[in-house]
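Observations on the model geometry
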Amino acid sequence: MYRTILVPVDGSKRAEAIFRHVKNLARGNDATVVLLKVEEEPINLEHDEIIDIEKYRQEYRNLVRRSTTYLEALQDQLGATGIRAVPRLAYGSVVKTILTVAAETGADLIALATHGLGGLPRVSYGSVAAGVLQAADIPILLIRSCNDKK
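Residues numbered from 1 in each chain as written. Predicted model: local features only at pLDDT ≥ 70, side-chain atom pairs only at ≥ 80, totals over all residues. Heavy atoms only, no water.

1. Structural notes on the overall build of the chain
- Of the regular secondary structure elements, the chain holds 5 helices and 5 strands.
- Secondary structure elements of the chain, listed N to C terminal, follow the sequence β-α-α-β-α-β-α-β-α-β.
- Each of the 150 residues in the chain was classed as buried or not, and the buried ones make up 39%.
- When contacts within the chain are restricted to residue pairs at least 6 apart in sequence, long-range pairs at least 24 apart make up 77% of them.
- Here the chain has roughly 8,700 Å² of accessible surface; of this, 51% comes from carbon and sulfur atoms. (Helix = DSSP H or I, 4+ residues; strand = E, 2+ residues; numbered from the N terminus. Buried < 20%, exposed > 50% of the residue type's maximum accessible area, 1.4 Å probe, protein only. Contact = heavy atoms within 4.5 Å. Areas by Shrake-Rupley, 256 points an atom, 1.4 Å probe, with all protein chains shown as cover.)

See the structure below:
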């Protein structure tokens with residue numbers, strides 16, 4: 001039924017709560033899991049602000065290294081259980097990028113938790129989950145995760 005499952009993650013335990021469900025779906029459908037981490041553009045300047053470009057480049061390299069290491073660790077964890085996983089690091093607006101990557105990869109399911117790093121526990125679901133829920137044209141598995149710790 002599902003051949004490609006897109007799983008957006010942000011480095012939080014809340015976002016990773018989806019893996020309990022994804023593992024069963026991936027095994028049961030012999031599906032590939034696309035692990036997506038979206039980084040928003042790391043620079044946001046005020047009108048007349050000046051930056052140290054070398055510092056910016058170093059911060060960018062560190063961001064890419066941390067995100068890549070994180071995705072590879074998730075890939076290894078899933079691989080150890082016999083699940084094919086593909087890491088994907090992308091940049092831009094989070095919701096728009098999730099939808100774009102879903103289309104590019106041919107995902108037939110987006111699986112995500114209601115809360116990630118922002119995770120306000122009193123709301124039903126976070127802004128990323130709400131945006132994906134409103135705009136996606138493929139099935140979505142959305143699990144509540146606000147009680148999990150970061």
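Read on for the rest.
2. Points about the nonpolar core
- Judged by nonpolar contacts, the single largest core of 22 residues is most densely connected at Ile 5, Val 7, Phe 19, Val 33 and Leu 35.
- At the level of secondary structure, the elements contributing two or more residues to this core comprise β1 (4–9), α2 (19–29), β2 (32–39), α3 (53–79) and β4 (109–113).
- Sort the elements by how many residues they give to this core and α3 lands first, with 4 residues.
- The contacts of Phe 19, once residues within four sequence positions are left out, are Val 7, Val 9, Leu 35, Leu 74 and Leu 78.
- In terms of nonpolar packing, the next biggest core, distinct from the first, is built from 14 residues, Val 101, Ala 102, Ala 129 and Val 132 among them. (Core = buried A, V, L, I, M, F, W, Y, C linked by side-chain atoms within 4.5 Å.)

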